[in-house]
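Structure at a glance
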Amino acid sequence: MWNPFKKKTEAGQETPQQKDYNNRLLMVKICFLLIFLGAGTRLVQIQVIEAGKFQEIAKKQYEAKVPLVAQRGNIYDRNGNVLVTNSLFTSFAADPAIAGEHAKFIAKEFSKVTGKPEREYLQKLQTDRRFVYLERHMLPDVAEQIPFKKMPGVVKANEPMRLYHYDELAGQVLGATNIDNAGVSGIEQQFNPVLRGRDGYVIMQKDGLGRTRPSVEYPREEAVNGHSLELTIDLQLQSIAEEELKKGIARAQADAGLVVMLRPQTGEVLAMANYPHVNLNKIDNADALKNRVVSDMYEPGSVFKIVTASAALQNELVTLDKKFYGENGKYKIEYPGKKIRYINDTHALRDVTFLEAMAYSSNIVMAKVSDLIGPEKLYTKARDFGFGMSTGIELPAESNGQLKKTSEWSLTSLNSIAYGYEVGVTPLQLVCAYSAIANDGVLMRPYLVKREMDENGIEVSSTQPEMIRRVVPKDVSEKVKQMFEGVVEFGTGSSVKIPGVMIAGKTGTSRKYVDGKYEEGSYNASFIGFFPAEKPEIVCLVIMEKPKVGYTGAVASAPIFKGIAERIIHNNGLIATTVTADQKTPATPTQNEATVSIPNVTDRDVEDAIEILKKNGLAAKVIGNGGEVVRQYPQSTSKVERGSIVQLMTNENEGTVIAGSTSVPELRGMSVRRAVNKLAAEQYAVAIVGTGIVVNQFPNPGSALKSGAKVTIICEPKALSTAQLY
């Protein structure tokens, strides 16, 4: 410190003490200056250079972006019957960091409700992640039992989940969604962007306790719900196809089977059934979602003779009455290099016309005809029919099939391809080819989606029939059609004849090619046909894989085709019975042949009721697990097609499901769509029996029922004023 009384030293000189003091003072000043400069630089960096970054960090501390989930679009059949909708379920998620010391309590409470072990929840809560799902898609009434408000860090959210109203019906066509409601197969996958819509969001502010509140000062984007689709599938035809296929599988003891129905004039797919079925509401095996109609290749066998006949007739190499020698069922061919091959027929034919050769499915005659056609013309005609290329249908994983170029053919290829070997086709390609003949020689692109509609039901787009090409001239298609009529009238397909309607079709049988060789005793059996033959409305293909009781198409597949055709022709007025002028058969079968009266099985034991129905030529579907039938549909004395299914409602849940806080609404007289929407709005599950208008329901209107319980609705079609299809 300065002292005025202190004696001054000589000018310009400092004492050692002063010098040391000044140096230390300078160092302090420099340190303060550096600190100030550092703080200033950092302040500029935070407030100017990296302002955006730190604003985002701050926002995360007091703001939360909450998603607004879009509702997935519905799927309908061609008549507006709802096939797929959504149902709201409840999910629980947690922030393990906040749950912390409460983890054991949370795990215990969830375990009490779900029955799962506590350790399963503890494992989820003992993680470094900040977000985990504890449970997803719980029924609302079950979720209400979770005291989540007492659980720090646990949040509850409503999540939509797909509801497939007919369980197994058209399962492989509709496809499935995953737990995040995204399509993973079928229509659900192919049209996922259309059906899914676009999620929105809302910015929420957090208070000091972490609670979120919406703020009008922050941006909000509303969710855009997905669009709905109307398919070309006809619910009633699909049901018929699946029921008859299932019965046929049991009868033939086959490993698998499929049915495809097309409208030849437009290419609309009316039904597409696979067996084994898949229950979309409870998928046990993901492999069952595979749609073999579009994904699998088959060596078609004799049904491929459509190509050989068309090529020969169009090039005027044969006529329908041209005679061929059938070699008495065994044909020896000698190829260059002394290679010998035998072609065998099931029927030992001698002199037959070309039309008769098709009717009796002669491989020998088709092989001889292929020698007249030649490789290039046969290959070209196969390509014209669409073999060897995808059809372009709106389904994922469609196969192109296999049609080798002529340069890759062996000495035996020409003759083999003529009757359906050394070529791979998909069932859809096959039904499209026959549709071309049924449509006067014009090939149409097959399609499944008829219309796309927005969330208000307003049409966004529609699919129009699309012609691919003319495969054969009209006169040639008439000749080929005549050959297929002969197959049914007096040939291998005579078992499908139905009095009053002309059917054209073809049987096919091919050995299965497994692991590089033909498997002994293993066959694919097929029948494909269209009706009425004069003006075809439906083309139908049936394929059975490895049938064990009758391996040929005539025995294993033709009865399924006939069962389908009979029900379409005689049931519910879908098609008017068409009788050609020269037919002498009666227009309709007698009641004793076609229909049976339903017996009264109400108040009987379920097993007795099933047996009684079976003796009367009827099948039964039991609804519920009770031991006694309390209601049946259709009612007794009703006349139905032989083999039809009678729904039996049991006394299950009479005293268990009825005990809730809400009343079952009156649904009778409503359309299926309206009834389903009403039940979904009141948080009931629904089971649908039949199609059309609701005629009965179980439990009865006004019954007290828990939220989430199942209501069964019984439906039947409206009475039609005409008997024409479409």
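The model shown is predicted, which means the values in this text are computed figures rather than measured ones.

Interaxial distance between helix α17 (residues 427-438) and helix α18 (residues 474-490) falls to 8 Å at its minimum, and their mutual angle equals 115 degrees. Considered as vectors, α17 and α18 are oriented roughly perpendicular to each other. Side by side, α17 and α18 meet where Y434, I437 and A438 of the first sit next to S477, V480, K481 and F484 of the second. Residue classes in the contact of α17 with α18 are distributed as five nonpolar, one polar and one charged.

Next up on the list: the pairing of strand β27 (residues 645-650). Counting buried positions along β27 yields five of six residues, so the element is predominantly enclosed. Here four bridges tie strand β25 (residues 629-633) to β27, and the two strands are oriented antiparallel to one another. The residue of β27 that forms the bridge with Y633 is Q647.

Omega for the peptide link from Y275 to P276 comes to 10 degrees, which places this bond in the cis form. By the secondary structure assignment, P276 is in the loop between β11 (268-275) and α11 (292-295). In this chain, F531 is followed by P532 through a cis amide linkage whose omega measures -15 degrees. On the secondary structure map, P532 appears in the loop between β21 (517-531) and β22 (538-545). Phi is positive for E422, close to 60 degrees, though the residue is something other than glycine. As for its position among the elements, E422 is in the loop between α16 (413-418) and α17. Positive phi, close to 60 degrees, is recorded for D440, a residue that is not glycine. If you trace the backbone, D440 turns up in the loop between α17 and β16 (442-444).

Turning next to the sheet that holds β27. If you walk across this open sheet you meet the three strands as β24-β27-β25, and the pairing is mixed. In this open sheet, the two strands that pair with only one neighbour each are β24 (619-623) and β25. Ignoring which end each strand starts from, the neighbouring axes of this sheet average 30 degrees apart.

Taken in spatial order, the three strands make up an open sheet running β29-β32-β30, and their pairing is mixed. Taken across any chain shown, the strands that pair with only one partner, and hence form the sheet edges, are β29 (685-689) and β30 (693-698). Along the sheet, successive strands turn relative to each other by an average axial angle of 30 degrees, direction set aside.

I187, F354 and I713 are the most contacted members of the largest nonpolar core, which totals 110 residues. In this structure, I713 is in contact with L667, A675, L679, V686, A687, I688, V689, V694, N696 and Q697, ignoring residues within four places of it in sequence.

A separate point is the pairing of β30. Judged by how many residues are buried, β30 sits mostly within the fold: five of six residues are covered. Note: β30 against strand β32 (residues 710-716), five bridges, orientation antiparallel. Bridged to N696 within β32 is I714.

Taken as a whole, the protein chain shows an average pLDDT of 84; of its residues, 86% reach a score of 70 or greater. Segment residues 208-213 is flagged for pLDDT under 50; beyond a separation of four residues in sequence, or across chains, it makes nine contacts in the model. Predicted confidence is poor over residues 719-726, with pLDDT under 50, and the contacts of this stretch with residues over four places away or in other chains come to 19 contacts.

Our focus in this paragraph is the pattern of salt bridges. With the rule as written, the count across this model stands at 30 salt bridges. The salt bridge partner of E188 is R72, with a shortest N-O separation of 3.0 Å. Taken together, the positions of E188 in helix α8 (residues 186-190) and R72 in the loop between β1 (63-68) and β2 (75-76) put the pair 116 residues apart, joining distant regions of the chain. For the pair E188 and R72, a shared accessibility class is recorded, and that class is buried. For the salt bridge of E519 with K546, the shortest nitrogen-to-oxygen distance reads 3.6 Å. Residue E519 is found in strand β21, and its partner K546 is found in the loop between β22 and α19 (553-570); the two are separated by 27 residues along the sequence.

All told, the structure shown has 13 aromatic pairs when counted by the stated rule. Relative to F354, the ring of F324 lies with its centre 6.2 Å away and its plane at 55 degrees, an arrangement referred to as tilted. Remark: F354 occurs in helix α13 (residues 354-359) and F324 occurs in strand β12 (residues 323-325); sequence separation between them is 30 residues. Taken individually, F324 and F354 each receive the classification buried, so the pair is uniform in this respect. Consider the rings of F531 and F561, whose centres lie 6.0 Å apart with planes at 90 degrees: the pair is edge-to-face.

This paragraph deals with helix α4 (residues 103-114). End to end, α4 covers 16 Å across 12 residues, agreeing with the expected 16 Å (1.5 Å per residue, within 8%). Where α4 is concerned, the buried positions are A103, I106, A107, E109, F110 and S111. Looking one or two residues past α4, G115 carries a phi angle of roughly 85 degrees, positive in sign.

Direction vectors running N to C along α4 and helix α5 (residues 118-125) enclose 140 degrees, while the axes themselves pass 8 Å from each other. Judged by the inter-axis angle, α4 sits oblique to α5. Both α4 and α5 take part in a crossing whose hand is right-handed. Residues A103, K104, I106, A107, K108, F110, S111 and T114 of α4 pack against E118, Y121, L122 and L125 of α5. Here the contact of α4 with α5 is built from residues that sort into seven nonpolar, two polar and three charged.

Each full turn of the α-helix corresponds to 3.6 residues, which orients residues three or four apart in the same direction. Between its terminal C-alpha atoms α19 stretches 24 Å, which fits the 26 Å expected from 18 residues at 1.5 Å a residue. All of the buried residues along α19 are G553, A556, S557, A558, I560, F561, G563, I564, A565, R567, I568 and I569.

Our next topic: the side chain of R341. Its place among the elements puts R341 in strand β14 (residues 339-344). Buried and without a salt bridge, R341 has E422 as its closest oppositely charged side chain, separated by 5.7 Å. Polar side-chain contacts of R341 include one of 2.7 Å to the side chain of Y419. Apart from the residues lying within four places of it in its own chain, the contact partners of R341 are Y331, K332, I333, Y335, T412, N415, S416 and Y419.

As for its position among the elements, A609 is in helix α21 (residues 606-615). With 39 residues separating them along the chain, A609 and L648 place their C-alpha atoms 8.5 Å apart. Leaving out residues up to four positions away in the same chain, A609 has contacts with V601, V629 and L648.

The rules behind the values
Residues numbered from 1 in each chain as written. Predicted model: local features only at pLDDT ≥ 70, side-chain atom pairs only at ≥ 80, totals over all residues. Heavy atoms only, no water. Axes fitted to C-alpha atoms, helices over the stretch in contact; angles between N-to-C directions. Helix = DSSP H or I, 4+ residues; strand = E, 2+ residues; numbered from the N terminus. Parallel < 35°, antiparallel > 145°, perpendicular 65-115°, else oblique. Contact = heavy atoms within 4.5 Å. Nonpolar A, V, L, I, M, F, W, Y, C, P; charged D, E, K, R; others polar. Buried < 20%, exposed > 50% of the residue type's maximum accessible area, 1.4 Å probe, protein only. Pairing = 2+ DSSP bridges. Core = buried A, V, L, I, M, F, W, Y, C linked by side-chain atoms within 4.5 Å. pLDDT = per-residue confidence, 0-100. Salt bridge = Lys/Arg side-chain N within 4 Å of Asp/Glu carboxyl O. Phe/Tyr/Trp six-rings, centres within 6.5 Å; stacked < 30°, edge-to-face > 60°. Expected span 1.5 Å × (residues − 1). Left-handed = near helix turned anticlockwise from the far one by under 90°. Lys, Arg positive; Asp, Glu negative; His and termini not counted. Polar contact = N/O pair within 3.5 Å; in protein donor to acceptor, adjacent residues only side chain to side chain.

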